[in-house]
Amino acid sequence: MLIGVPLETAPGEKRVATVPEVVEKLVKLGFTVAVQSGAGDAAHFADDTYRAVGAEVLPTAADLFARADIIFKVRAPSMDEVAQLREGSTLIGFIWPAQNPELMQQLAARKVTVLAIDSLPRQLSRAQKMDALTSMAGISGYRAVIEAANAFGRFFNGQITAAGKIPPAKVFIAGAGVAGLAAIGTAANLGAIVRANDTRAEVADQVVSLGGEFVKVDYEEEGSGGGGYAKVMSEGFQQAQRAMYAKQAREADIIITTALIPGKPAPKLITAEMVKSMKPGSVIVDMAGEQGGNCELTVPGEAVVRHGVTIIGYTDLVSRLAKQASTLYSTNLWRVTEELCKTKDGVINVNMEDDAIRGLTVIKDGNITWPPPPLKLPPAPAPKPAAAAPAAKSHGHGGGGEPMSAKSLATVFGVGALAFALVGMYAPASFLAHFTVFVLACFIGYMVVWNVTPSLHTPLMSVTNAISSIIAIGALVQVAPPLDAAGAADRPNTLILGLAVFALALTAVNMFGGFAVTRRMLAMFRK
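Rules used throughout
Residues numbered from 1 in each chain as written. Predicted model: local features only at pLDDT ≥ 70, side-chain atom pairs only at ≥ 80, totals over all residues. Heavy atoms only, no water. Helix = DSSP H or I, 4+ residues; strand = E, 2+ residues; numbered from the N terminus. Buried < 20%, exposed > 50% of the residue type's maximum accessible area, 1.4 Å probe, protein only. Contact = heavy atoms within 4.5 Å. Areas by Shrake-Rupley, 256 points an atom, 1.4 Å probe, with all protein chains shown as cover. Pairing = 2+ DSSP bridges. Right-handed = clockwise from strand over helix to strand, strands pointing away. 1 Å grid on protein atoms, 1.4 Å probe; cavity = no way out; pocket = protein on both sides within 12 Å on 5 of 7 lines; lining within 4 Å. Points joined across faces, edges and corners; volume = space filled by probe spheres on them. Nonpolar A, V, L, I, M, F, W, Y, C, P; charged D, E, K, R; others polar. Expected span 1.5 Å × (residues − 1). Arc of directions from axis to C-beta. Axes fitted to C-alpha atoms, helices over the stretch in contact; angles between N-to-C directions. Parallel < 35°, antiparallel > 145°, perpendicular 65-115°, else oblique. Left-handed = near helix turned anticlockwise from the far one by under 90°. Phe/Tyr/Trp six-rings, centres within 6.5 Å; stacked < 30°, edge-to-face > 60°. Core = buried A, V, L, I, M, F, W, Y, C linked by side-chain atoms within 4.5 Å.

Thoughts on the overall build of the chain
Turning to step 1, where the next piece is worked out: Broken down by element type, the chain carries 17 helices and 19 strands.
Turning to step 2, where the next piece is worked out: When the 527 residues of the chain are sorted by exposure, 40% land in the buried category.
Turning to step 3, where the next piece is worked out: Across the chain, every contact between residues at least 6 apart in sequence was considered, and the portion connecting residues at least 24 apart equals 62%.
Turning to step 4, where the next piece is worked out: Counting only carbon and sulfur atoms, one obtains 62% of the accessible surface of the chain, whose full area is about 28,100 Å².

Have a look at this one:
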């Protein structure tokens, strides 16, 4: 089958649905790829780069639509593009079926199959590799901070110079979804004081982990709406939220809003009165401008100044990083194609029994199949019954295991002492000295590991492995025994020598492996 990639015609759109790197992967799946001439120019992918990886470059969109079995697009198609779709072909891209009912009817009339990348059921863990909404939101969140920094009149980070002290910028981010979290991380890395709010309480830890402060609304209500989105909150919550936003507006230098509810206009979070209360020179970046904006004074697609505050309502934030955005988006489409073509023979199968594909498919062979049926998610695990009384905690360092009772401990020590006495009565004196060291080592090792909390077992294991390299000393003594007074060495027999060399090899693995594990674990916590 032929995959066609047309030039995007939406105003300001610079992305392209497939990049040369991904074309090679599509060819390996058995597809042929055709790209309209100039489709990748705005994202810095020239026609020759597509030809170099085996794609065909066609001069016009009409040539491409006439031949393509599958169309990859970024933006929803225009009516002219819909008219050029071949009957029986498949379209994959952003469609937004809830917001574009007329477009859905036009596509259905063309008898095509449409997979809306924005309708992917994000609750499925295996759908993450296909989640273009997340890919694009991360880019837009980063770019929003860059646009704010460009419009802001001073540094983000605080500085003390000979000319005076510069305070750090205060950034408030409304909404801590993927875009909001990307904005939080970027602003914090630039040195700003970052605060954020979201109706979903579970994101508070994520905000803090990225260097922000979570600002809680003084009203108890759960705000998760499923699928990674927030739900519409009650009027009581909204009043408390407006009071909190009004306070943050007076204090913040920069506000970035990201709030969206699927299928509905963007909620109005920042009122004109809040804008008036902001300091002159402040900046608002309204990332929901395409859906009407979160600020009452936002002009979609433009940057305007109102009451001394710059309000940025750009709808092409992602396209302002066109090369990066195109690469991520085309990778998402390639992953979708992998799911459609598991046989790798260049033929897709829109399997309506597959939850991910069913969620994506909004039109099948001209029949509108959106909205999809509810997902059959596995039931939540039953809560564990509460213990009647909490068990007494160990007085060890971490309580890594259940401590023995006094009676059991006495029994174990008694049996051990008896066994040790029997060995002492009948074993040679030289053996008894080594046996004593062995028993003490086992006892100390057991007590050390038993009293360490399980969360510390990985670093403990790596350290004890390194400490166990004391074995190397004994092995070295056997391999190269000390000389006697006459200068001669008592060489061990072949079996002992072989065991000593083998012990050296295992100890080396323990030593270097232990430190390698510790190093990798610590690297997880470094930036």
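Digging into the pairing of strand β10 (residues 193-197)
Turning to step 1, where the next piece is worked out: As paired elements, strand β9 (residues 170-174) and β10 share five bridges and run parallel to each other. Opposite V171, over in β10, you have V194 as the bridge partner.
Turning to step 2, where the next piece is worked out: Following the chain from β9 across helix α7 (residues 178-189) to the adjacent parallel β10, one finds a crossover that is right-handed.
Turning to step 3, where the next piece is worked out: Of the strand pairs in this sheet, β10 and strand β11 (residues 213-214) are connected by two bridges, and their pairing is parallel. Looking at the pairing, A196 lines up with F214 of β11.

Some thoughts on empty space enclosed by the protein
Turning to step 1, where the next piece is worked out: Tallied over the entire structure, the rule returns one cavity of 30 Å³ or more.
Turning to step 2, where the next piece is worked out: Lining the largest cavity are K170, V171, F172, R195, Q248, E251 and A252.
Turning to step 3, where the next piece is worked out: Looking at the lining of the largest cavity, the elements that each hand over two or more residues are β9 and α9 (235-251).
Turning to step 4, where the next piece is worked out: It is β9 that contributes the most residues to the lining of the largest cavity, three residues altogether.
Turning to step 5, where the next piece is worked out: Of the residues assigned to the lining of the largest cavity, the class counts are three nonpolar, one polar and three charged.

A short note on α7
Turning to step 1, where the next piece is worked out: The end-to-end C-alpha distance of α7 is 17 Å, a good match for the 16 Å that twelve residues give at a rise of 1.5 Å each.
Turning to step 2, where the next piece is worked out: When α7 is considered as a whole, its buried residues turn out to be A179, G180, L181, A183, I184, G185, T186 and A187.
Turning to step 3, where the next piece is worked out: On its buried face, α7 sits against α6 (132-151), β9, β10, α8 (204-209) and β14 (254-257).
Turning to step 4, where the next piece is worked out: Positive phi appears at G191, one or two residues downstream of α7, with a value of about 100 degrees.

Observations concerning helix α1 (residues 20-28)
Count 3.6 residues to each turn of an α-helix, and residues three or four apart come out pointing the same way.
Turning to step 1, where the next piece is worked out: Taken residue by residue, α1 has P20, V22, V23 and L26 as its buried positions. Looking down the long axis of α1, one finds its buried residues gathered within 150 degrees of arc, a one-sided arrangement.
Turning to step 2, where the next piece is worked out: As for α1, its buried residues are in contact with β1 (2-5), β2 (32-36), α2 (47-52), β4 (70-72) and α11 (322-340).

Structural notes on the packing of α6 against α7
Turning to step 1, where the next piece is worked out: Across the interface, α6 lies against α7 with an axial gap of 7 Å and an inter-helix angle of 40 degrees. Here α6 lies oblique to α7, going by the angle between them. Once α6 is placed against α7, the crossing between them reads as right-handed. Each of T134, A137, G138, S140, G141, Y142 and V145 in α6 lies in contact with α7, whose residues at this interface are V178, A179, A182, A183, T186 and A187.
Turning to step 2, where the next piece is worked out: Each residue belonging to the contact of α6 with α7 can be placed in one class, and the counts come to eight nonpolar, five polar and no charged.

Description of the packing of aromatic side chains
Turning to step 1, where the next piece is worked out: All told, the structure shown has five aromatic pairs when counted by the stated rule.
Turning to step 2, where the next piece is worked out: Where F94 meets W96, the ring centres are 5.9 Å apart and the plane angle is 15 degrees; that geometry is what we call stacked.
Turning to step 3, where the next piece is worked out: Judged by relative accessible area, W96 falls into the partly exposed class, the value being 31%.
Turning to step 4, where the next piece is worked out: Pairing F152 with F156 gives two aromatic rings, centres 6.2 Å apart and planes at 85 degrees, and the pair type is edge-to-face. For the pair formed by F152 and F156, the shared burial category is buried.

Overview of the pairing of strand β17 (residues 309-312)
Turning to step 1, where the next piece is worked out: Of the two faces of β17, the one holding V309 and I311 and the one holding T310 and I312 are both buried throughout.
Turning to step 2, where the next piece is worked out: Two strands pair when backbone bridges link them, and strand β15 (residues 283-286) and β17 are joined in this way by three bridges, in the parallel orientation. Across the sheet, V283 pairs through a bridge with T310, a residue of β17.
Turning to step 3, where the next piece is worked out: Bridge count between strand β16 (residues 303-306) and β17: four bridges; the pairing is antiparallel. Of the residues in β17, the one forming a bridge with R306 is V309.
Turning to step 4, where the next piece is worked out: Here β16 folds back onto β17, and the loop between the two strands holds two residues, one of which, H307, carries a positive phi near 55 degrees.

Section: the sheet that holds strand β18 (residues 361-364)
Turning to step 1, where the next piece is worked out: On the basis of which strands lie adjacent, the open sheet formed by eight strands has the order β3-β2-β1-β4-β5-β6-β18-β19 and mixed pairing. With one partner strand each, in any of the chains shown, β3 (56-58) and β19 (367-368) form the two edges of the open sheet.
Turning to step 2, where the next piece is worked out: Inspection of the sheet shows strand β6 (residues 113-116) paired to β18 by two bridges, in the antiparallel sense. Across the sheet, V114 pairs through a bridge with I363, a residue of β18.
Turning to step 3, where the next piece is worked out: Sheet strands in contact with α11 are β4, β5 (90-93) and β6, and its direction is about 140 degrees off that of β5.

A word on the sheet that holds β14
Turning to step 1, where the next piece is worked out: Strands sit in the order β11-β10-β9-β14-β15-β17-β16 across an open sheet of seven strands; the sheet is mixed. Bordering the open sheet on either side are β11 and β16, each of which pairs with just one other strand.

Let's talk about the packing of α6 against α11
Turning to step 1, where the next piece is worked out: Two numbers describe how α6 lies on α11: the axes approach to 9 Å, and their chain directions differ by 165 degrees. Put simply, α6 runs roughly antiparallel to α11. Here α6 runs over α11; the crossing is right-handed. Packed against α6, whose contacting residues are A132, S135, M136 and I139, the element α11 presents Q324, A325, L328, Y329 and N332 at the interface.
Turning to step 2, where the next piece is worked out: Class assignment of the residues belonging to the contact of α6 with α11 gives a composition of six nonpolar, three polar and no charged.

Some remarks on the nonpolar core
Turning to step 1, where the next piece is worked out: Grouped together as the largest cluster of nonpolar side chains are 48 residues, with contacts concentrated most on V16, Y50, F72, I117, Y329 and L340.
Turning to step 2, where the next piece is worked out: Elements that contribute at least two residues to this core include exactly β1, α1, β2, β4, α6, α11 and α12 (355-360).
Turning to step 3, where the next piece is worked out: Here the element with the most residues in this core is α11; it accounts for seven residues.
Turning to step 4, where the next piece is worked out: Those residues in contact with L340 that sit more than four places away from it in its chain are I92, L115, V347, I348, N349, V350 and I357.
Turning to step 5, where the next piece is worked out: Judged by nonpolar contacts, the second largest core, of 30 residues, contains A192, I256, V283 and V285.

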